Amino acid sequence: MCGIIGYSGEQNAPEVLLKGLARLEYRGYDSAGIAVLKGEVIKIIKKQGKLEILKEEIRLRPLEGTTGIGHTRWATHGEPSDRNAHPHNDHREDVAIAHNGIIENYKQLKKELEESGHIFKSETDSEVIAHLIAKEYKGDLRLAVNEAAKQLKGSFAIAVMHQNEPDRIIGIRKDSPLVVGLGKHENFIASDIPAVLEYTKEIIYLENNEVVDIKKGKCAVYNEEGVPIEKIATTIEWNIAQAEKTGYKHFMLKEIFEQPEVLKQTFKKRIKNNKEVVFEELRISEDVFKETRDITIVACGTAYHAGLTGRYMLEKYARLSVGVDTSSEFRYRDPLITKNTLVIVISQSGETADTLAALREAKKKGAKVLAICNVLGSTMAREADGVIYTHAGPEIAVASTKAYSAQLGILYLFTHYLARVRGEAGNCPADFIEKLTKLPELAARMLKHYRKNENKIKEYAAKFHQYYLASDNKSCFLYLGRNINYPNALEGALKLKEISYISAEGYPAGEMKHGPIAVIDENTWVVCIAVKSDTYEKMLSNIQEIKARGGIIVAIVSEKDLTLKGKEADYVIAIPETDEIFSPILVTIPLQLLAYHVASEFGYDIDKPRNLAKSVTVE
Ligand code: M6R
């Protein structure tokens, strides 16, 4: 939530900051602002609304300078408004800050500062940081930031400038991400790598409580005690095209189409000689997995759905009992975790506050924690005992698509790996790897058809839109799946909800008669995942039951199956045939496209849905 950026170099800072903010906008987009330092004056422009509004304001009132900080906001304390937008300064306008996180003790600090004469302008928790730093300033900004940080409770990544210190930006983090980008005669700090990718691929990941001090030709990192420390920069493999739309109307669509390639790379990097899975980067030894007695998977949102899918394969083939929990429940439930429990946290960003807290809780209980993350060097990747990266490239759209299929891909690989290491390889079908590695090709074929308009998803979405308007906005969606595709029912519903704001629920089809059937009438669109499976006949019965109550059926079927076409199903979406166990990756693609096109029919801002942010770094 919230993206911050800082720049010190030779370029025009507003331009660099605005470009960076555009790549951080996925983190929050209810207001944005920049502060630029020129000579001994800090000028701030900040506006409520999307970045475009700020850009327009800066076009009308240009700012100049080669040092600056910027912010894109997802409001926590104080409504979205010009006044509450960042950067914030102190009342004497000496200090400017951009903050991502939550300052839990801001009320107390504000009271003390007000008593000593500080005048506040906003309703935010963040403004206290600017006042506190101004109060602590005695000629060295880094020391002032250090002193102020010691008084802050909560989570923060902060970029700070002082008008007496030209070219200088100080950054500090605790429980909110912050990276440093090293350039030639210029340096950057940012909440995430895509913000600086256009300028540098040399990245330093800051640890909690580390402080970075950048100027155009200098970058130094200090620990909590103020002692300089050596940090090794990592060269990022991502390229800037991955962080751009490259002709697609939305990042979400681009990311849906990237899935075949993402899966191909996911498998290629880990499958040796077409038969064995090897994780080179894993920091957990095989002995730990041999001793594992049970698995708990913890994650939020889409990553949680990946975890639910993982349970089916891990239990079936690696023969371990698997529990799956949402992070926000796990962390407060005092779960039964032993040192022989393997806890797997799954997260695209590697920064989600609840999942991070769950990881720490699991470690405290003595469990080994394996993180499945997309963002290199993210907090979870660093704090877990071991990490497997999904390597899906930057995912910019708020709605997760390619990260989800990459997470599924990793879970298949990990299942095979675990089964081998634990001497259970015999449980896996002999053609497991062969069938798995066919998925990218099958996904590519399906997307090619779709591109050629042989797939009618867009048409169905338009039909739904008509129904919705005709039904006086009463139409809603129910998603039903069984077995390993049940989590996909949850995921399909989540995807639709988050970008088209239509009421949608996912259910195991077998639960339909225990409640959801009551909502079915002629306004209910029911997406039934009815691909070839052991429970196929049961799903056909569910479809009959829905039909009998007037529901509108959208059936996801295997391509050669004509059973439902032109009969019970009102709309049919066919996917390439594969074994049931491997079908979730293929099933999810039409579900993503359906959500995308419905949102598109309603004309919504698909990449930046209302009220949401890509990384939920606050509780
Ligand atoms: O970065 P994470 O994978 O930890 O994020 C978890 C959820 O916030 C995320 O999957 C969210 O549900 C997505 N917007 C779903 O599309």
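Right above here is the structure, for reference.
The following paragraphs examine the structure supplied in this document. (Residues numbered from 1 in each chain as written. Predicted model: local features only at pLDDT ≥ 70, side-chain atom pairs only at ≥ 80, totals over all residues. Heavy atoms only, no water.)

A word on the pairing of strand β10 (residues 187–190). Because side chains alternate across β10, one face comprises the buried residues N187 and I189, and the other comprises F188 and A190, equally buried. In this structure, strand β1 (residues 3–8) lies alongside β10, joined through four bridges in antiparallel fashion. Among the inter-strand pairings, G6 is bridged to a residue of β10, identified as I189. Sheet topology note: the strand β9 (residues 179–182)/β10 ladder contains four bridges and is antiparallel. When the sheet's bridge partners are listed, G181 is paired in β10 with F188. Following β9, the chain reverses through four residues before pairing antiparallel with β10; H185 in that reversal takes a positive phi of roughly 55°. (Buried < 20%, exposed > 50% of the residue type's maximum accessible area, 1.4 Å probe, protein only. Helix = DSSP H or I, 4+ residues; strand = E, 2+ residues; numbered from the N terminus. Pairing = 2+ DSSP bridges.)

Considering all chains together, one arrives at 23 aromatic pairs under this definition. Pairing F464 with F477 gives two aromatic rings, centres 4.6 Å apart and planes at 45°, and the pair type is tilted. Of this pair, F464 sits in helix α15 (residues 457–470) while F477 sits in strand β23 (residues 476–481); the two residues are 13 residues apart in sequence, bridging distant segments of the chain. In this pair, the class of F464 matches that of F477, namely buried. Aromatic rings pair up to connect Y460, F464, Y467, Y468, F477, Y479, Y501, W525, Y571, F602 and Y604 into one cluster. Geometry around F257 places R451 over its ring, the cationic atom sitting 4.4 Å from the centre. One cation-aromatic arrangement involves R610 over Y501; the distance from NZ or CZ to the ring centre is 3.9 Å. (Phe/Tyr/Trp six-rings, centres within 6.5 Å; stacked < 30°, edge-to-face > 60°. Lys NZ or Arg CZ within 6 Å of the ring centre and 35° of its normal.)

A few words now on the site of the ligand. In the vicinity of the ligand, 14 residues are found, and the nearest of them are S347, Q348, S349, T352 and E498. At 2.9 Å, a side-chain N or O of K495 approaches an oxygen atom of the ligand. Its free accessible area being 410 Å², the ligand has 91% of it covered by the protein chains. If you map the ligand onto the pockets, it falls in the largest pocket. Looking at the shell around the ligand, the elements that each hand over two or more residues are α9 (301–318) and α16 (486–500). (Near = heavy atom within 4 Å. Polar contact = N/O pair within 3.5 Å; in protein donor to acceptor, adjacent residues only side chain to side chain. Areas by Shrake-Rupley, 256 points an atom, 1.4 Å probe, with all protein chains shown as cover. 1 Å grid on protein atoms, 1.4 Å probe; cavity = no way out; pocket = protein on both sides within 12 Å on 5 of 7 lines; lining within 4 Å. Sits in = over half its atoms within 2 Å of the grid points.)

So, on to helix α5 (residues 141–151). L141, R142, A144, V145, N146, A148 and A149 are the residues of α5 that are buried. Residues of α5 that are buried sit in contact with α4 (127–136), β7 (154–162), β8 (169–174), β12 (211–215) and β13 (218–222). Where α5 begins, the capping side chain belongs to D140, and its oxygen is found 3.0 Å from the backbone nitrogen of R142. (Contact = heavy atoms within 4.5 Å.)

This brings us to the side chain of T355. Considering the arrangement of structural elements, one finds T355 in helix α11 (residues 353–364). Polar side-chain contacts of T355 include one of 2.8 Å to the side chain of S327.

So, on to the sheet that holds strand β26 (residues 552–558). Strands pair in a sheet through their backbones, by hydrogen bonds, and they do so in one of two ways: parallel or antiparallel. What the five strands build is an open sheet, ordered β24-β23-β25-β26-β27; its pairing is parallel. Here the strands that pair on one side only, and so sit at the sheet edges, are β24 (504–508) and β27 (571–575). Each neighbouring strand pair of the sheet contributes to a mean axis angle of 20°, computed without reference to strand direction. Judged from the five bridges that link them, β23 and strand β25 (residues 524–530) form a sheet pairing that is parallel. The partner of Y479 across the bridge, within β25, is V527. Relative to the sheet, α15 contacts β23, β25, β26 and β27, its axis offset from that of β27 by approximately 150°. (Axes fitted to C-alpha atoms, helices over the stretch in contact; angles between N-to-C directions.)

On to empty space enclosed by the protein, then. Within this structure, the stated rule accounts for three cavities of 30 Å³ or more. As a volume, the largest cavity reaches approximately 210 Å³. Forming the boundary of the largest cavity are 27 residues, of which S191, D192, S349, E351 and V375 lie nearest the centre. Approximately 90 Å³ is the volume found for the second largest cavity. Along its surface, the second largest cavity is lined by 15 residues, and C2, W74, T76, G101 and S126 are the ones closest to its centre. Residue composition of the lining of the second largest cavity, grouped by class: five nonpolar, eight polar and two charged. (Points joined across faces, edges and corners; volume = space filled by probe spheres on them. Nonpolar A, V, L, I, M, F, W, Y, C, P; charged D, E, K, R; others polar.)

The next point concerns the sheet that holds strand β14 (residues 228–229). Strand order in the open sheet made by the seven strands is β5-β6-β7-β8-β12-β13-β14, with antiparallel pairing throughout. Either end of the sheet is taken by a strand with one partner, and the two such strands are β5 (88–89) and β14. Here β8 runs beside β12; their pairing, made up of four bridges, is antiparallel. Its bridge partner being in β12, I169 is matched across the sheet by I214.

A cis amide bond links H86 with the next residue in sequence, P87, at an omega value of -5°. Following the sequence through the fold, P87 ends up in the loop between β4 (67–73) and β5. Its identity as a non-glycine residue notwithstanding, N273 has a phi of 50°, on the positive side. Turning to its location among the elements, N273 is positioned in the loop between β16 (271–272) and β17 (276–277). Here N273 falls in the exposed class, since its relative accessible area comes to 68%. For N483, which is not glycine, the phi dihedral falls at a positive 50°. With respect to the helices and strands, the residue N483 is situated in the loop between β23 and α16.

Next up on the list: the packing of helix α13 (residues 402–421) against helix α14 (residues 432–451). At a closest axis distance of 11 Å, the pairing of α13 and α14 adopts a crossing angle of 170°. Considered as vectors, α13 and α14 are oriented roughly antiparallel to each other. When α13 is examined against α14, the residues Y412, L413 and H416 are found in contact with a partner set consisting of F432, I433 and L436. Partitioning the contact of α13 with α14 into residue classes produces five nonpolar, one polar and no charged. (Parallel < 35°, antiparallel > 145°, perpendicular 65-115°, else oblique.)

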